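Architecture at a glance
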Amino acid sequence: MTEPVTFDAIWEEKYASGHAQRYPWDVVVSFVFRHAPRDRPCQEVAILEVGCGTASNLWFAAREGFSVAGIDGSASAIDYAKKRFAEDKLEGDLRVGDFTKLDFPDNSFDCIIDRGALTCCGHSALKRALAEVRRVLKPGGHFFFNPYADSHSSARAGKPAGDGLVKDIDAGSLVGAGQIHFVGHQQLIELMATGWSLHQIQRLELTDMVAPEGSIHAEWRVIAQKTS
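First things first, this report covers the structure right here in the doc. (Residues numbered from 1 in each chain as written. Predicted model: local features only at pLDDT ≥ 70, side-chain atom pairs only at ≥ 80, totals over all residues. Heavy atoms only, no water.)

Spatial strand order, β6-β7-β8: 3 strands in an open sheet with antiparallel pairing. Every other strand in the sheet has two partners, leaving β6 (159-162) and β8 (180-181) as the edge strands with one partner each. Bridging between strand β7 (residues 165-167) and β8 involves 2 bridges; their strand directions are antiparallel. Bridging across to β8, L165 finds its partner in H181. (Pairing = 2+ DSSP bridges. Helix = DSSP H or I, 4+ residues; strand = E, 2+ residues; numbered from the N terminus.)

As structure tokens, then:
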């Protein structure tokens, strides 16, 4: 039986060769602004990012005063993030680890962020990772889930790799992004069916009219709340 895919080694190669995201994604800034609890000081609000990369989103949150933690499969990315946090005198619990085995206690975080990271997992690993996200999220806490959608042009521009993954993508906006699990609407509903209250399910589609045949970039922006 093939082991479920939890991390694509291409990301360690990218970060080791100097790839770095330095600024936060606007959609993450909006999520934190809207869903971080406001009934207590920021330093008492805990935020986790799964697949934090070089931790640009957590850098933003730490600068705002939140308690932050991040996990990524790339040791080079985490090393970069730790050095940047130290240079800017910011605190953060930044770890190398497996999305399907989060090394945090139950009910630890008020908000959890996934900005296009879990979509790199095979379907089996994705289900396990979502169960772990729910475990470490506090009851009533909010989760931002951001996988790529199956209407993405790149979904049809690669080779099936098993467990729902597409690899060797040679067209669309995800060329060079490694393996991707493109998620359909019904599949998304099934993934979030147990233990979640869905507050937002948006499918964002952007058509590049300069690219051949109007290349479509498609992603889901889901906001879910842990029900118990």
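Looking now at the layout of surface pockets. In this structure, the largest pocket spans a volume of roughly 780 Å³. Surrounding the largest pocket, 37 residues form its lining, W11, W25, R115, G116 and Y148 being those nearest its centre. Within the residue set of the lining of the largest pocket, elements represented by two or more residues are α1 (10-16), α2 (26-35), α3 (56-63), β9 (196-208) and β10 (215-226). Here the lining of the largest pocket is built from residues that sort into 16 nonpolar, 13 polar and 8 charged. Here the second largest pocket defines a volume of roughly 180 Å³. V29, V32, F33, A36, P37, R38, R40, C42, F60, E64 and F66 are the residues that line the second largest pocket. The dominant element in the lining of the second largest pocket, judged by the number of residues it contributes, is α2, at 3 residues. Tallied by class, the residues present in the lining of the second largest pocket amount to 8 nonpolar, no polar and 3 charged. (1 Å grid on protein atoms, 1.4 Å probe; cavity = no way out; pocket = protein on both sides within 12 Å on 5 of 7 lines; lining within 4 Å. Points joined across faces, edges and corners; volume = space filled by probe spheres on them. Nonpolar A, V, L, I, M, F, W, Y, C, P; charged D, E, K, R; others polar.)

Relative to β7, β6 runs antiparallel, the two sharing 3 bridges. Pairing of K159 across the sheet is with K167, part of β7. Hairpin connection from β6 to β7: 2 residues lie between these consecutive antiparallel strands, with D163 at a positive phi of about 55 degrees.

So, on to the environment of W25. Here W25 lies in the loop between α1 and α2. Exposure remark for W25: the relative accessible area of 34% places this residue in the partly exposed category. (Buried < 20%, exposed > 50% of the residue type's maximum accessible area, 1.4 Å probe, protein only.)

Here the structure, examined in full by the defined rule, presents 11 salt bridges. With a closest N to O distance of 3.6 Å, D39 and R40 form a salt bridge. Note on R40: relative accessible area 26%, which makes it partly exposed. Between R40 and D110 there is a salt bridge, with its nearest N and O atoms 2.5 Å apart. Here the residue R40 occupies a position in the loop between α2 and β1 (46-50), and D110 occupies one in strand β4 (residues 109-114), the gap between them amounting to 70 residues. Each of D39, R40, D110 and K138 takes part in a single network of salt bridges with overlapping partners. (Salt bridge = Lys/Arg side-chain N within 4 Å of Asp/Glu carboxyl O.)

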